[in-house]
Structures are given as structure tokens and as C-alpha cells.
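Each chain is listed here by its residues.
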Amino acid sequence: MDVVVVGAGQAGLAVGHHLQRQGLSFVILESGDCVGGSWLRRWDSLTLFTPTRFSSLPGRPFPGDPDGYPRSAEVAAYLQDYASANALPVRLSTSVEKVEKRGRFVLHTNHGVVDAAVVVVTTGAFQLPRVPAFSAGLAPSVRQLHTSDYRNTQQLPSGRVLVVGTGNSGLQVAAELAATHEVHLSAGSKQMALPRRVLGKDIFWWLDRLGFTRASLEKMPKWLAGDGDVLVGQTVKGTARRAGLTLHPRTTGAAADRVAFEDGTDLQVDAVVWATGYRSDYSWLPVAATDDEGRPEHRRGVTPVEGLFFVGLENQYSSASSLLGWVQHDAGFIADQARTVVDGGVSAPGQPSAPSAD
């Protein structure tokens, strides 16, 4: 076939939509047993910080109140409906184990070999949980969870819980746990925060209207194009005050049932939730597709390996590249590049992008 898309999340489905419009033959390979399954593996109360009106893929509006904020189960249901309504060729429970370039691409999967002229990797910015090595020093009696495994407050024992990490996920989880537990929060580097609404409009209405959600990071104001998670509608101190959390500086070590902080203090804990982000694993791709640290080597999703592309990376081209409502723009660009390769041409990368934060 012409194209193999790896991953059936929002990025993969958006690419599929544009490939259909290009008239290319393709299949979307998904390792999970359902479309958008990663959303079902997040915690039960997870809510997007982007409103419904900005959560649609091309050609099919996200249902519900345009000013509401979808929950994770609603996102999964929408993606499943999107794939079905558009008759996208998704092959479930099919994991890609290795990709080789032999003129065309040869993809080794758990169900045999697939070949294609183009491969588009859409496995997303959140793959393998990142947990500090010193976590191994905690005693078995201390319950440890990464946010990728957290579902609800009932998973944690009664007593004192430390949430490590103050991105959007860490703050949401800490605030939820505060209703049932004594919660402490460990903050690392200072993060930029944006208000939920400005002059009666959601902040993303303003960012989209001003073109910030589509502009290259090179053209973005430095305060909006910086590294790290941008907090939306919440601040660390504000969340701590409202939820009754006790703040601590960066976590630096752990032993037995105590966690140490960079100011020299420590804390006895009964459980730790690691809201410490994710790392990538692209070891199954050709070596030239990644840098020395294993991060994608690309310019707007176009890699040095002719015909191999990424979509859905954090900061791939714009600050909104990995978000549900805006991934379609990079998807359309890459579908055009795929068409060029299939027709015998050479893909043309766009503006250089910053390294992915994952």
C-alpha cells in the first residue's frame, strides 16, 4: 500500500482523514484493542483544558456544549465514532516491532510483515512513564503510582500522599486526592500559567484568534514558546491554597518511607504519585530518525529518512501541535508530503521545530 500510519489516536485519525482526501491507500495500525484507547487509560476524572469547540478533528464536530470541557471517556468515544463514521482502515491489536528501510519500508508486526512507500508515526508525546531512579529506594510498604496508572483516590491507602510534579496533570490529581487524603505537593521548576478565561472568552479562543495555535514556534513570543508544561486555569500556589495542599520544593531522593527535598527537609509518606512526565521509545525505527538521546530528528515532522514522518509530537511545529483540536494542521501538511513521496518526489520540510519535551 501507499502509507502505513502507526497509532490510532487523534493524530493517526487526523492523518487518515487527509490521506483519504489524497486518494492514497493506507492502513492505521493500533497496538491497543480499541481506537483512542490511551484516553481510557487515564484517570477517571481527567478533563481537557481545551473547550469542546476546540476539540474536533476535521469534518466532524465534537458533540456537546461548545464551552464545556470534555472528559477522557468522552474523548475516547468521540475518536471511536470518528474512525467508524469515516470508515478509516484501522487494524487493532497490531503492534509494530521494527521498521526497516529497503527502498520501500518493511514493518515487522506481531501479525506479520507490512510494506509501504511511506510511514507516519503518530504514537504521541506520552509513551513510557518517567520516574526518577531514586524511587527504588522507597520501601515496598509505600504505594507508588505514576499518573499513567492513577485512576481514582481508592487506589491509594489512607494516610499521607506526596504528589511529585506540578504540571496540569499533577495539579489535577493532587486537588482530587485532597478530598480524601492529606496531600503534599513537590514543585520543581517554575511554570508559566495562563488564565482560563480573558474578557469572557476561553484563553484558547484568544490564542487561536491571534494565530498562536498555528504559528511556528520560531514566530511565537518567548513567554509562550518556552519549555515545560504551561498551566491553564490554575497555578501551583492557587491550587495548593484552594485544596489545602502543603507545598515542598523539588524532590531529590527517597529512602524507606521518607522523601527528601532540595532544601534539606524530608517527609514521611504512605504513598507517592509521580506526575513526572514521559519519555519516548523509538528504538524500533531506523537509527537516522532519532538523535543521540532517542528523540525524533525532524523538521515539522519530516525526518532525514525519506518517507518517514511524525505527527502529534509535543511542539512539533506549533505550541498546539499535540492538542486534539489542532493536530489536524500538521496532519494535513504531512499528508501532502506523503502524496509527494508516493508520486516519486522528495518531501520538503517546513520550519525547524524545537526538540520534543518528551
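Note that the coordinates shown come from a computational prediction; the quantities given were computed from them, not determined experimentally.

Draft legend 1. The pairing of strand β1 (residues 3–6), seen in detail. The alternating pattern of β1 places Val3 and Val5 and Val4 and Val6 on opposite faces, both of which are buried. Of the strand pairs in this sheet, β1 and strand β7 (residues 118–121) are connected by 4 bridges, and their pairing is parallel. Following the sheet pairing, Val4 is matched in β7 by Val119. Direction of pairing for β1 relative to strand β2 (residues 26–29): parallel, over a ladder of 4 bridges. Looking at the pairing, Val6 lines up with Leu29 of β2.

Draft legend 2. Focus on the sheet that holds strand β17 (residues 251–255). Strand order in the open sheet made by the 3 strands is β17-β18-β19, with antiparallel pairing throughout. Since the sheet does not close on itself, it has two edges, and those belong to β17 and β19 (266–268), each with one partner. Each strand of the sheet is rotated relative to its neighbour by a mean of 20°, with strand direction disregarded. Pairing analysis gives 4 bridges linking β17 to strand β18 (residues 258–261), with the strands arranged antiparallel. When the sheet's bridge partners are listed, Thr251 is paired in β18 with Phe261.

Draft legend 3. Molecular detail of the side chain of Ser321. Summarising the element assignment, Ser321 is placed in the loop between β22 (308–310) and α7 (327–342). On the basis of relative accessibility, which here comes to 1%, the residue Ser321 falls in the buried class. Only 3.0 Å separates the side chain of Ser321 from the backbone nitrogen of Tyr317, close enough to count as a polar contact. Within the local environment of Ser321, its side chain forms a polar contact with the backbone nitrogen of Ser318, the two atoms lying 3.0 Å apart.

Draft legend 4. Layout of the side chain of Ser135. Looking at where Ser135 falls in the secondary structure, it is placed in the loop between β8 (128–129) and β9 (143–146). Not counting the four nearest positions on each side in its chain, Ser135 is found in contact with Gln144 and Trp274.

Draft legend 5. Quick look at the sheet that holds β9. If you trace the 5 strands from one edge of the open sheet to the other, you get β9-β20-β10-β11-β16, paired in parallel fashion. Looking at which strands have only one partner, the edges of the open sheet turn out to be β9 and β16 (246–248). When the angles between neighbouring strand axes are averaged without regard to direction, this sheet yields 20°. Of the strand pairs in this sheet, strand β10 (residues 160–164) and strand β20 (residues 271–274) are connected by 4 bridges, and their pairing is parallel. What sits directly across from Val163, in β20, is Val273.

Draft legend 6. Region of the structure containing α7. When the terminal C-alpha atoms of α7 are compared, their 22 Å separation across 16 residues agrees well with the 22 Å that a helix rising 1.5 Å per residue should span. Taken together, the buried positions of α7 are Val327, Asp330, Ala331, Gly332, Phe333, Ile334, Ala335, Gln337, Ala338 and Val341. Here the buried face of α7 lies against β1, α1 (10–22), β7 and β22.

Draft legend 7. Here's a closer look at the packing of aromatic side chains. In total, this model carries 8 aromatic pairs according to the counting rule given. The structure contains a cluster of three or more aromatic residues connected by ring pairs, namely Phe49, Phe54, Phe204 and Trp326. Sitting above the plane of the Tyr317 ring, Arg300 keeps its charged end 3.9 Å from the centroid. Lying across the ring of Phe333, Arg300 places its NZ or CZ 4.2 Å from the centre.

Draft legend 8. Highlighting unusual backbone geometry. Although it is not a glycine, Ala87 sits at a positive phi angle of roughly 50°. Here Ala87 lies in the loop between α3 (72–85) and β3 (90–91). According to the relative accessible area criterion, Ala87 is exposed, its value standing at 58%. Even without a glycine there, the phi angle at Ser93 is positive, about 55°. Counting through the fold element by element, Ser93 comes out in the loop between β3 and β4 (96–102).

Draft legend 9. A look at empty space enclosed by the protein. Tallied over the entire structure, the rule returns 1 cavity of 30 Å³ or more. Thr213, Arg214, Tyr317, Ser318, Ser321, Trp326, His329 and Asp330 are the residues that line the largest cavity. Considered class by class, the residues forming the lining of the largest cavity number 2 nonpolar, 4 polar and 2 charged.

Definitions and limits used
Residues numbered from 1 in each chain as written. Predicted model: local features only at pLDDT ≥ 70, side-chain atom pairs only at ≥ 80, totals over all residues. Heavy atoms only, no water. Buried < 20%, exposed > 50% of the residue type's maximum accessible area, 1.4 Å probe, protein only. Helix = DSSP H or I, 4+ residues; strand = E, 2+ residues; numbered from the N terminus. Pairing = 2+ DSSP bridges. Axes fitted to C-alpha atoms, helices over the stretch in contact; angles between N-to-C directions. Polar contact = N/O pair within 3.5 Å; in protein donor to acceptor, adjacent residues only side chain to side chain. Contact = heavy atoms within 4.5 Å. Expected span 1.5 Å × (residues − 1). Phe/Tyr/Trp six-rings, centres within 6.5 Å; stacked < 30°, edge-to-face > 60°. Lys NZ or Arg CZ within 6 Å of the ring centre and 35° of its normal. 1 Å grid on protein atoms, 1.4 Å probe; cavity = no way out; pocket = protein on both sides within 12 Å on 5 of 7 lines; lining within 4 Å. Points joined across faces, edges and corners; volume = space filled by probe spheres on them. Nonpolar A, V, L, I, M, F, W, Y, C, P; charged D, E, K, R; others polar.

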